[in-house]
Amino acid sequence: MTANRPARMAVTVASEASLLAGFALAYALAAIAGRLTVLPDSGISMVWPAAGVSVLWMVARARRPWIALDLALMGVLTWAVVSATGGAPLQSALGGLAAVVQAVVCRAVLARHCPRVWFSRAGRLLDRRELWWFLLAALAGPLISSPLIELDGLLSGTGWQWNVILLWCARNLGSIVVLVPLGFMVGDSVRRRRAGLPILRLSDLGAGLASRPLEWFAVLVLSPAVHAAWFSGFAEPTVVFPLLTLACWAGVRLPARFVIGHGALVAVVAIALTASGIGPFLGLDDATTQIAVAQLYTVLVCTIGLALALDRDDRHALATALREARDGAQAQAELLRTIVDTMTEGVRVVDRDGGIVVRNPAARRLLTGDDTEPAEGTGDADDLAGLRHLDGSPLADHELPFRRSLAGEDVKDLPLLVRPPVADERTVAFTTARLPARAGGGVVTVLRDVTLERAELERAAQVQAALLPVAQPRLPGYSLAARFVPAGSVGGDFYDWHEVDDGAVITLADVMGKGMGAAILAATTRSLLRAHSADGEVVRPLVETERRMDADLANAGAFVTAFRAFVRASTGEIAYADAGHGLAAIVPPEGDVRRLPAGGLPLGIAPEEQREAGAERLAPGETLLVVSDGVLDAVGGGLDDLAPVWRRVSSARSAPEAVEAVVELASHGTPDDDLTVIALRRR
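Residues numbered from 1 in each chain as written. Predicted model: local features only at pLDDT ≥ 70, side-chain atom pairs only at ≥ 80, totals over all residues. Heavy atoms only, no water.

**Student:** Just checking my understanding: could you explain the overall build of the chain for this structure?
**Tutor:** Counting secondary structure elements, the chain contains 21 helices and 16 strands. Computed over the C-alpha atoms, the radius of gyration of the chain is 47 Å, more than 25% above the 26 Å expected from 2.2 N^0.38 for a compact globule of 683 residues. Oriented by its inertia axes, the alpha-carbon framework of the chain measures out at about 135 × 70 × 45 Å. For the chain, the residues scored as buried account for 46% of the 683 residues in total. Approximately 32,500 Å² of the chain is accessible, and the part contributed by carbon and sulfur atoms is 60%. Across the chain, the mean location of the 63 positive side-chain charges is 8 Å away from that of the 73 negative side-chain charges. (Helix = DSSP H or I, 4+ residues; strand = E, 2+ residues; numbered from the N terminus. Rg over C-alpha atoms; globule rule 2.2 N^0.38 Å. Buried < 20%, exposed > 50% of the residue type's maximum accessible area, 1.4 Å probe, protein only. Areas by Shrake-Rupley, 256 points an atom, 1.4 Å probe, with all protein chains shown as cover. Lys, Arg positive; Asp, Glu negative; His and termini not counted. Charge placed at Lys NZ, Arg CZ, Asp CG, Glu CD.)

Structure, rendered in structure tokens:
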């Protein structure tokens, strides 16, 4: 790459030099052509095509090096041509300076406000918005540079000549307005050829037009001919304005490229006839004013035609984009409707007033037992009348899922009974989501038939409940009770107890998570703990269970917290092992609660960890209370939030009363996890 850099730089320099030389030659020829039309009485040319070439020069050389060289060369060429064709030295110098000022002003306006043509370096046509900035640039350049033309007269004492200023501005404005769009049209064709784009056909040029190419060529021939005939037959300036209807006709019926050509042809005819002493502008004061007004007339013709054509093309492009967007939206809507109609889940969409917007066949089948489209005007009550709570009681209107969502409370997997008139009762889970206000508001409800799923969960819950201990160990002088409230039908918590010599072993374990997967791990944990519970040992069963379940817990990405304690009935002594649970305490009737700290990590975290047993003593009147983290979450989530639990348990007169008190406190919160409580009270 480094080796090729000088070669690439040489190619770039040669290319820039060729472009610069080409525009310099074109500018010099245009200036010579303009000087051939000098008016004897004013010393200024009737036409100045070099003004249009200078603007094209600036745009074609946009963002390229040596721009100061371009401007200097433009000024020198102007001075040289004017001097060589009889211009005075000061007049030639001021003409060159005015040409530079004019080019700089036009360049500044186009660079800022016409980015498409500027960054394409004259490789694109003007659009409707850029047209007005282009006209401003075409007017501002000659207007700002015009005082330099009269500076020679002021210095020589001849005074200010307004007709010369008028002709300078009009002829340069006309040159820019006529020639620059033609240059952009040529540049666009060159750009398309270099980019390998197909050459535009007549049908491409006339996209969106009701007219045909035959009419386009007729206008191009007819309009200049009518101007020639009109100019030859009338000598009053006011009668020229009806000819503007031809510009309107061209702008409405012709492609933009043909409109540009039409304006150029009319300009040639109008200015040539006026310069030859023919036409409606001859009634004006002098030849300078006559030519200036003819130039302004051609500017008007070009502006009207091009503005109408570009505005029409913009409207056509907008209409085409809207039509494509509409077709795309319809296609997307059809695709979405097909997807929604083939979903096994029901979809029901209502507006902000509760009116049904969309209801797919699955939703109709779940709610009414019939998936055929109902008659026009069917309301909400027709398909939601069969909704019931799980206990069979009907739902009030404000309890309907979409009503709750409209009120600001979205529901997720809310199970309800559906009693359709022509099908069996089923359980359906409702999930709602509010539509944004910018989309009109409303609610989307997804319905899922969970009848079989809930039946399986209920059977699983029955099996899980059957695994909980029923018969209590014989513990004279003690009261023992427990309660398990799953977050769903089944859960990952369990409690267990069994009798041993001179006491009992109690266990509470909590598998991370909830639902069927946690319930399976909980059942496995219970079975393994029981398999290693022949005596009052508390540490070894935890260690053996963790060793046997290590692979299963790792595969499931789960762990188990567990508390296991042996209570010696005769003395109240407690030996316990806590695997990351930390929610066990001895609650006295009065005084401070003694929490039993966790003695290790949960099962499945660090299988090689050494576990140790802790010791405590349950005095008469005290209660050993163990809860799961579901209770902790329900009362606030922090250990300090357990203070109300300790108070209620300390005042309880038996273990069952203590358990019910804890469950009742937890029910006041918003439990999202399984609740498990086990209490052992020494009388």
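**Student:** Looking at this structure, how should I read the packing of helix H9 (residues 213–233) against helix H11 (residues 256–275)?
**Tutor:** Working note: a packed helix pair is described by the angle between its axes plus the distance between those axes. For the pair H9 and H11, the least separation of the axes is 10 Å and the interaxial angle reads 20°. For the element pair H9 / H11, the angle class is roughly parallel. H9 and H11 meet at a crossing whose hand is right-handed. Seen from H9, the contacting residues are Trp216, Phe217, Val219, Leu220, Ser223, Pro224, His227, Ala228 and Phe231; seen from H11, they are Phe258, Gly261, His262, Leu265, Val266, Val269, Ala270, Leu273 and Thr274. The residue makeup of the contact of H9 with H11, split by class, is 13 nonpolar, 5 polar and no charged. (Axes fitted to C-alpha atoms, helices over the stretch in contact; angles between N-to-C directions. Parallel < 35°, antiparallel > 145°, perpendicular 65-115°, else oblique. Left-handed = near helix turned anticlockwise from the far one by under 90°. Contact = heavy atoms within 4.5 Å. Nonpolar A, V, L, I, M, F, W, Y, C, P; charged D, E, K, R; others polar.)

**Student:** Mind showing me how you'd approach helix H2 (residues 49–60) here?
**Tutor:** Given a rise of 1.5 Å per residue, 12 residues ought to cover 16 Å, and the 17 Å separating the end C-alpha atoms of H2 matches this to within 8%. Of all 12 residues in H2, 11 are buried, a share of seventy percent or more. Looking at H2, one finds that the buried residues are Ala50, Ala51, Gly52, Val53, Ser54, Val55, Leu56, Trp57, Met58, Val59 and Ala60. (Expected span 1.5 Å × (residues − 1).)

**Student:** Would you mind going over the pattern of salt bridges with me for this structure?
**Tutor:** Side chains that differ in charge, positive against negative, can pair when their charged atoms come close. For the coordinates displayed, the defined rule picks out 33 salt bridges. Arg359 is paired through a salt bridge with Asp383; the nearest N and O atoms lie 2.7 Å apart. With a gap of 24 residues between them, Arg359 in strand S2 (residues 356–359) and Asp383 in helix H14 (residues 380–384) connect regions that are remote in the sequence. The exposure classification of Arg359 matches that of Asp383, with both residues buried. Note that Arg426 and Asp449 form a salt bridge whose closest N and O atoms lie 3.5 Å from each other. Of this pair, Arg426 sits in strand S5 (residues 426–434) while Asp449 sits in strand S6 (residues 443–449); the two residues are 23 residues apart in sequence, bridging distant segments of the chain. Looking at Arg426, the relative accessible area reads 16%, which means it is buried. (Salt bridge = Lys/Arg side-chain N within 4 Å of Asp/Glu carboxyl O.)

**Student:** Just checking my understanding: could you explain the side chain of Thr289 for this structure?
**Tutor:** Note on placement: Thr289 falls in helix H12 (residues 287–341). Using a relative accessible area of 17% as the deciding quantity, one classes Thr289 as buried.

**Student:** Explain unusual backbone geometry here, please?
**Tutor:** For Ala122, which is not a glycine, the phi torsion comes out positive at approximately 70°. Along the chain, the position of Ala122 falls in the loop between helix H5 (115–119) and helix H6 (128–156). In this model, Asp413 sits at a positive phi of 50°, which is unusual for a non-glycine residue. As for its placement among the helices and strands, Asp413 is situated in the loop between helix H15 (401–406) and strand S4 (414–418).

**Student:** What's the story with the confidence of the model for the chain in this structure? I'm lost.
**Tutor:** Averaged over all residues, the pLDDT of the chain equals 87, while 94% of them reach at least 70. No element of the chain has a lower mean pLDDT than H14, at 65, and none a higher one than strand S15 (residues 623–627), at 95. (pLDDT = per-residue confidence, 0-100.)

**Student:** Help me understand H11 in this model?
**Tutor:** Every α-helix carries 3.6 residues per turn, so stepping three or four residues along brings you back to the same face. End to end, H11 covers 28 Å across 20 residues, agreeing with the expected 28 Å (1.5 Å per residue, within 8%). Summarising burial for H11: 15 of the 20 residues are buried, a large majority.

**Student:** Looking at this model, I keep getting lost on the sheet that holds strand S13 (residues 594–596). Mind explaining?
**Tutor:** Sheet strands pair via backbone hydrogen bonds, and the direction of the pair is either parallel or antiparallel. Spatially, 5 strands are ordered S7-S16-S15-S12-S13 in an open sheet, and the strand pairing comes out antiparallel. Of all the strands in the sheet, just strand S7 (478–485) and S13 have a single pairing partner and so form its edges. Shown here is a sheet whose adjacent strand axes are inclined to one another by a mean of 15°, direction ignored. As paired strands, S7 and strand S16 (residues 675–682) are joined by 8 bridges and run antiparallel to one another. Looking at S16, one finds that Ala481 is bridged to Ala679. (Pairing = 2+ DSSP bridges.)

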